[in-house]
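Now for the letters of each chain:
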Amino acid sequence: MVSQLSKSNIIYPESDGKPIADNTKQFELIVEIKKGLNLLFINNPQVFVAGDLFWYPVEGQSKIVTAPDVMVAVGRPKGDRGSYKQWE
(Lines give C-alpha, C1' and ligand atoms only; values in the text may rest on other atoms or scores of the structure.)
Protein backbone atom coordinates (compact mmCIF):
# COMPACT_ATOMS: atom_id res chain seq x y z
CA MET A 1 0.00 0.00 0.00
CA VAL A 2 1.40 3.38 -1.00
CA SER A 3 1.00 6.17 1.52
CA GLN A 4 0.71 9.74 0.31
CA LEU A 5 1.15 12.91 2.33
CA SER A 6 -1.45 15.54 1.74
CA LYS A 7 -0.10 18.97 0.90
CA SER A 8 -1.25 20.19 4.31
CA ASN A 9 1.01 17.63 6.06
CA ILE A 10 4.21 18.80 4.34
CA ILE A 11 6.60 20.65 6.65
CA TYR A 12 8.41 23.67 5.25
CA PRO A 13 11.30 24.43 7.66
CA GLU A 14 12.08 28.07 8.40
CA SER A 15 15.72 27.56 9.39
CA ASP A 16 18.66 25.34 8.56
CA GLY A 17 20.83 26.48 11.46
CA LYS A 18 23.50 27.79 9.11
CA PRO A 19 24.90 31.32 9.35
CA ILE A 20 23.68 33.94 6.86
CA ALA A 21 27.09 34.95 5.48
CA ASP A 22 30.57 33.51 5.07
CA ASN A 23 32.32 36.56 6.51
CA THR A 24 31.67 39.93 8.11
CA LYS A 25 32.09 41.95 4.91
CA GLN A 26 29.61 39.76 3.06
CA PHE A 27 27.10 40.13 5.89
CA GLU A 28 27.50 43.93 5.89
CA LEU A 29 26.88 44.09 2.14
CA ILE A 30 23.78 41.89 2.38
CA VAL A 31 22.34 44.14 5.09
CA GLU A 32 23.12 47.32 3.12
CA ILE A 33 21.55 45.98 -0.07
CA LYS A 34 18.41 44.92 1.79
CA LYS A 35 18.17 48.31 3.50
CA GLY A 36 18.56 50.09 0.17
CA LEU A 37 15.85 48.01 -1.45
CA ASN A 38 13.54 48.64 1.52
CA LEU A 39 14.06 52.38 1.05
CA LEU A 40 13.52 52.14 -2.70
CA PHE A 41 10.14 50.47 -2.21
CA ILE A 42 9.15 52.04 1.12
CA ASN A 43 6.00 53.66 -0.29
CA ASN A 44 4.82 50.62 -2.21
CA PRO A 45 2.85 48.27 0.08
CA GLN A 46 2.90 45.58 -2.63
CA VAL A 47 6.66 45.02 -2.72
CA PHE A 48 8.06 42.53 -0.22
CA VAL A 49 11.81 42.69 0.47
CA ALA A 50 13.59 40.02 2.51
CA GLY A 51 17.05 38.77 3.30
CA ASP A 52 18.16 35.20 3.96
CA LEU A 53 14.60 33.91 3.90
CA PHE A 54 13.82 30.35 2.84
CA TRP A 55 12.03 30.46 -0.52
CA TYR A 56 9.95 27.44 -1.56
CA PRO A 57 9.09 27.79 -5.27
CA VAL A 58 7.06 24.55 -5.66
CA GLU A 59 4.11 23.57 -3.49
CA GLY A 60 4.49 20.09 -2.04
CA GLN A 61 8.26 20.00 -2.65
CA SER A 62 9.86 21.07 0.64
CA LYS A 63 13.27 19.80 -0.51
CA ILE A 64 13.31 22.38 -3.32
CA VAL A 65 14.40 25.41 -1.31
CA THR A 66 16.90 28.22 -1.45
CA ALA A 67 17.66 31.20 0.74
CA PRO A 68 18.76 34.14 -1.41
CA ASP A 69 20.86 36.77 0.31
CA VAL A 70 18.21 39.33 -0.69
CA MET A 71 14.95 38.89 -2.56
CA VAL A 72 12.27 41.23 -3.90
CA ALA A 73 8.73 39.99 -4.56
CA VAL A 74 6.70 42.50 -6.56
CA GLY A 75 2.97 42.25 -6.05
CA ARG A 76 3.23 40.75 -2.57
CA PRO A 77 2.39 42.67 0.60
CA LYS A 78 5.05 43.74 3.06
CA GLY A 79 5.13 41.88 6.37
CA ASP A 80 6.94 39.35 8.48
CA ARG A 81 7.16 35.79 7.23
CA GLY A 82 8.86 32.65 8.50
CA SER A 83 9.49 31.56 4.91
CA TYR A 84 8.32 32.54 1.42
CA LYS A 85 6.03 30.05 -0.30
CA GLN A 86 5.69 31.06 -3.95
CA TRP A 87 2.16 29.72 -4.35
CA GLU A 88 0.69 31.63 -1.38
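A few points on the structure. Predicted model, so just to flag it, every value in this text is computed and none were measured. Each chain has its residues counted from 1, running along the sequence as written. Owing to the predicted nature of the model, reporting of local features is limited to residues with pLDDT of at least 70; listing and counting of side-chain atom pairs is limited to 80 or more, with chain, interface and lining totals taken over all residues. Only hydrogens and water are set aside when side-chain values are computed; all heavy atoms of the structure are taken into account.

With that out of the way, let us pick up the overall build of the protein. Each helix corresponds to a stretch of at least 4 residues labelled H or I by DSSP, and each strand to a stretch of at least 2 residues labelled E; elements are numbered beginning at the N terminus. When you go through the protein residue by residue, the secondary structure sums to one helix and four strands. Mapped from its N terminus to its C terminus, the protein presents α and β elements in the order α-β-β-β-β. Relative accessibility thresholds used throughout: buried, under 20% of the residue-type maximum; exposed, over 50%; partly exposed, between the two (1.4 Å probe, protein chains only). Evaluated residue by residue, the protein yields a buried proportion of 17% over its 88 residues. In what follows, residue pairs with any heavy atoms lying within 4.5 Å of each other are defined as contacts. In the protein, of all internal contacts separated by at least 6 residues, the share reaching a separation of at least 24 is 62%. Total accessible area computed for the protein in this model is approximately 6,600 Å², and 54% of it derives from carbon and sulfur atoms. Surface accessibility in these figures is a Shrake-Rupley result with a 1.4 Å probe; residues are shielded only by whichever protein chains are displayed.

What follows deals with unusual backbone geometry. One non-glycine residue, Asp52, lies in the positive phi region at around 50°. Looking at the element boundaries, Asp52 is found in the loop between strand 1 (47-51) and strand 2 (55-56).

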